[in-house]
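# Coordinate inspection notes
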Amino acid sequence: MVASSVLGFPRIGPNREIKKVVEAYWAGKTNAEEVTKVAAEVKKLNWTELQQRGVTYIPSGDFSLYDHVLDHSAAFNAIPKRYHGLGLSPLDTYFAMARGRQADGVDVPAGEMKKWFDSNYHFLVPELDDAVEFKLNFNKPLEEFNEAKALGITTRPVVLGPITYLALSKATKEAKADFEPISLLPKILPVYKQLLSELKAAGAEWVQIDEPILVTDKGANFESQYVSAYPDLVAVAPKLLLTTFYGRLESNVNFIAKLPIAGLHIDLDRAPEQLEKAINAVSSTPIVLSLGVVSGRSVWKTDFSAAIKLAEKAISALGEDRVIVATASTVLHIPVTLASEKKLTEEQKDWFSFALEKASEVATIAAVVSGSQDAAVAAALEANRTSIAKRRDFEKNSDDSVRKRVASITPDQYERKSPFAVRLDAQKVLNLPKFPTTTIGSFPQTKEIRQARAKLGKGEISEGEYEEFIKKEIESAVRFQEKIGLDLLVHGEPERNDMVQYFGERLSGFVFTQNAWVQSYGSRYVRPPIIVSDVSRKEPMTVRWSQYAQSLTSKPMKGMLTGPVTILNWSFPRVDISRELQAQQLALALRDEVCDLEAAGIKAIQVDEPALREGLPLRRADWDSYLNWAGNTFKLSTAGVGDHTQTHSHFCYSDFDDIFPQIQRLDADVISIEASKSDMKLINTFKHYGYSNNIGPGVYDVHSPRVPGDVEIQERIKAMLAYLDQSLLYVNPDCGLKTRGWKETEASLVSLVQAARWARENYV
């Protein structure tokens, strides 16, 4: 019989229980015991739900209060020196690593955050050097395995693989110049062996060991490490299922198939073409092949017929006992359950499948290919056929005016009217000083703002009352910026629930959920809209609020938009048409908005693309195509304005070194880019490439409550000016301030303004 498997599950709880208890703990409103209690309840619910849906292999050890990579670092004692000797509990040390700490005499910054492969999930980058003393502080997979076992549920523990962990790590500042984290493999393997042997002693039959680095170009560089490490691990471990996901293995499958592993998982959602090669590679071995036929990244219902064909092909070659039907990756990236959605139409609900529904899908597909005669299985198969057919009919609908406009795009629409030097001169009308200060866009979304939005949704206040409230919030933000001396202002975005959802609600072609939350990082959850049909703008989306804000001040006001690639990547896109076509449709809608903002007197317009790097394919061979259309859609959205209008864009939390020339090609007049949280390593990029337009590398980390001092920001400005033209440098935070409180926001921005004034005095 073919088994079924889910590789990982959302940790947030069906009603965001983890966010609520963790944030209460940070605020001092609850204790560690309550955090542990709520976490246990969420884990129990997850395991029970998966068991009830008939999943054979249920994951454990994948739960996290903040980030699974951070969990791994804490468990393996990879704790940077700056967090030692602070007198903090293990839990508080963990959270200090995640978000920094500035209280009770402790002042320590957070670790670097980076995007997890090509997703919008952020992980904490491990910091390593030769001095690290790996040891097992706690065995989290074992603890959760035993926790589930006590409930009568047998699980398959999940462990982040050693080579992926080291490949994702970075060298500490103290490390030798030629240090590479992968050199620590012999040092970390004994700790892995201890962890795995303890799981084996506890009765674990299988362990899922995640090695997604194998679907990247880097993976091939580590063949010798895999060949040397895995025989050692297998010797002491339960049966190991080596899991790869998010892409294709390519030639790496050949050396993986020679490892003494018990199973191999491949992603057939992202790369269905790799099935035959994988079958050929493992056919002469005893390796079980786990087939990722149900997407862990998409909310669209699985087409059972396509998944069954893939499974049957593997079964015919390997036999039922050597095939597992599985999710392609963890389902961490999609919402918990469709059952929570009460406002979607029945037609819309029939299109989708969230995490729990995906679990039912893998169980049903496994039953079908095992030859089940169960009436419920037959009914589920027939219901899926009907549902997919209805969706295919809906997908045939298109908006002719949108399609014709896309088809009519001409090359000149991608280019500004004049080169940057001409535009720079024209933009002197902004009357900005040297080292202009600005923010990325959003100000704190206070409890009062959220309550007002909720009251409007419930009908407790009128639209007019809500708009008056928003006007007061905008005026307050403007007066605050004037008071502290910022130069290029923003309206603060109090009317926006989310930087993608807000625009999706004002564009045709999207549907929205009530409770479909997805973790972005830590306690930051988002509710991505879903693109279901052709996209167009119905009317101006932001003009009235930007125009109102500008009317309150003589200083220039930035119009704030989210770019086409970011809206696409932070939504659940269609799967029936290309991402390129969807991005083009979004770009044309945004182009209209940009031109309307200019016509309304807004002289600076920011079109944010924080997800540009995130969408980059994992294989370099696929980069050019993506970068070409992604860059063109940004340019299409911004190039319709005159020389006097200053265009901005923002990028964050990714490695930009590889694509910096493409960022330059976007030809934004000003870019702001995350720099402080990654130890200013962007400076090395400037050394290599330089930058010809205005640029604002972030001078402090907004994802930490920690407040930087004037001198700290001055030092960052000094470091930047060693490689950047001082006449082109802007001074700004790393990112938007939506998640911060007003007290820390004011203190941080005052430090920023003071540092910029210092720069004006010292760099003449």
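Under an unreviewed UniProt entry, the name given to the protein is 5-methyltetrahydropteroyltriglutamate--homocysteine S-methyltransferase, and the source organism is Lentinula lateritia. As stated in UniProt under Pathway (unreviewed entry), the record for the protein gives "Amino-acid biosynthesis; L-methionine biosynthesis via de novo pathway; L-methionine from L-homocysteine (MetE route): step 1/1." Of the comments in the UniProt record for the protein, the one headed Function (unreviewed entry) reads "Catalyzes the transfer of a methyl group from 5-methyltetrahydrofolate to homocysteine resulting in methionine formation."

Attention now moves to the overall build of the protein. Along the backbone of the protein there are 27 helices and 23 strands. Along the longest, intermediate and shortest principal axes, the C-alpha atoms of the protein span 70 × 60 × 50 Å. For the protein, the proportion of contacts with a sequence separation of at least 24, taken over those separated by at least 6, is 79%. When the accessible surface of the protein is split by element, carbon and sulfur atoms take 50% of a total near 28400 Å². On the protein, the mean spot of the 91 positive side-chain charges and the mean spot of the 99 negative ones are 1 Å from each other.

All right, on to the UniProt feature "domain: Cobalamin-independent methionine synthase MetE N-terminal" (unreviewed entry) in the protein then. If you check UniProt for "domain: Cobalamin-independent methionine synthase MetE N-terminal" (unreviewed entry), the listed places come out as residues 4-314 in our numbering. Across residues 4-314, helical content stands at 39% and strand content at 16%; the span's end C-alpha atoms are separated by 14 Å.

Further remarks concern the packing of aromatic side chains. The final tally for this structure, using the stated rule, is 26 aromatic pairs. Both rings, one in F480 and one in W742, keep their centres 5.0 Å apart while their planes meet at 80°; by these two values the pair is edge-to-face. On the criterion of sequence distance, the pair formed by F480 in helix 18 (residues 463-484) and W742 in helix 27 (residues 742-762) is long-range, its members being 262 residues apart. Judged by its relative accessible area of 7%, F480 falls in the buried class. Here W742 falls in the partly exposed class, since its relative accessible area comes to 29%. Above the ring of W26, the side-chain terminus of R99 is found at 3.7 Å from the ring centroid. The ring of Y548 carries K471 above its face, with NZ or CZ at 5.5 Å from the centroid.

With respect to the helices and strands, the residue T337 is situated in the loop between strand 14 (323-327) and helix 12 (346-349). Reaching out from T337, the side chain makes a polar contact with the backbone nitrogen of A339 at a distance of 3.1 Å. A distance of 2.9 Å separates polar atoms of two side chains, one belonging to T337 and the other to E357. For T337, the residues in contact, after removing those within four places along its chain, are F354, L356 and E357.

Once that is clear, we can look at unusual backbone geometry. Residues other than glycine predominantly adopt negative phi, and peptide bonds predominantly adopt the trans conformation. Phi at R16 is positive, roughly 60°, even though this residue is not glycine. Structurally, the position occupied by R16 is in the loop between strand 1 (3-5) and helix 1 (17-26). Unusually for a residue other than glycine, F435 sits at a positive phi of about 50°. Assessed through its relative accessible area of 1%, F435 is described here as buried.

Here we come to the nonpolar core. L65, Y230, L264 and F352 are the most contacted members of the largest nonpolar core, which has 147 residues in total. For this core, the element with the highest residue contribution is helix 7 (residues 185-201), accounting for eight residues. If sequence neighbours within four positions are ignored, Y230 has contacts with G161, P162, I163, I209, E211, L240, L242, L259, P260 and I261.

Another point: the sheet that holds strand 14. The eight strands are arranged 1-14-13-12-11-10-8-2 in an open sheet whose pairing can be described as parallel. Two strands lie at the open edges of the sheet, namely strand 1 and strand 2 (58-60), each paired on one side alone. With direction set aside, neighbouring strand axes in the sheet form an average angle of 30°. Here strand 1 pairs with strand 14 via three bridges, running parallel. What sits directly across from S5, in strand 14, is A326. Seen against the sheet, helix 5 (residues 140-150) touches strand 2 and strand 8 (155-160) and runs at an angle of roughly 165° to strand 8. The strands that helix 8 (residues 223-236) touches are strand 10 (206-210) and strand 11 (239-243); relative to strand 11, the one it contacts most, it runs at about 140°.

What follows covers the pairing of strand 19 (residues 558-562). On any regular strand, side chains alternate: one points to one face of the sheet, the next to the other face. Across the five residues that make up strand 19, a large majority, five, are buried. Covered by surrounding structure in strand 19 are K558, M560 and T562 together with G559 and L561, the residues of both alternating faces. As paired strands, strand 19 and strand 20 (residues 604-608) are joined by five bridges and run parallel to one another. Bridging from a neighbouring strand, K558 pairs with A604 of strand 20.

Spatial ordering of the open sheet is given by 19-20-21-22-23, a layout of five strands whose pairing is parallel. In the strand order of this sheet, the two ends are held by strand 19 and strand 23 (694-697), each with one partner. Neighbour to neighbour, the strand axes of the sheet diverge by 20° on average, direction disregarded. Here strand 22 (residues 670-673) runs beside strand 23; their pairing, made up of four bridges, is parallel. Bridging across to strand 23, V670 finds its partner in N694.

About the thresholds
Residues numbered from 1 in each chain as written. Predicted model: local features only at pLDDT ≥ 70, side-chain atom pairs only at ≥ 80, totals over all residues. Heavy atoms only, no water. UniProt positions renumbered as here; feature names shortened; annotations may be inferred. Helix = DSSP H or I, 4+ residues; strand = E, 2+ residues; numbered from the N terminus. Contact = heavy atoms within 4.5 Å. Areas by Shrake-Rupley, 256 points an atom, 1.4 Å probe, with all protein chains shown as cover. Lys, Arg positive; Asp, Glu negative; His and termini not counted. Charge placed at Lys NZ, Arg CZ, Asp CG, Glu CD. Phe/Tyr/Trp six-rings, centres within 6.5 Å; stacked < 30°, edge-to-face > 60°. Buried < 20%, exposed > 50% of the residue type's maximum accessible area, 1.4 Å probe, protein only. Lys NZ or Arg CZ within 6 Å of the ring centre and 35° of its normal. Polar contact = N/O pair within 3.5 Å; in protein donor to acceptor, adjacent residues only side chain to side chain. Core = buried A, V, L, I, M, F, W, Y, C linked by side-chain atoms within 4.5 Å. Pairing = 2+ DSSP bridges. Axes fitted to C-alpha atoms, helices over the stretch in contact; angles between N-to-C directions.

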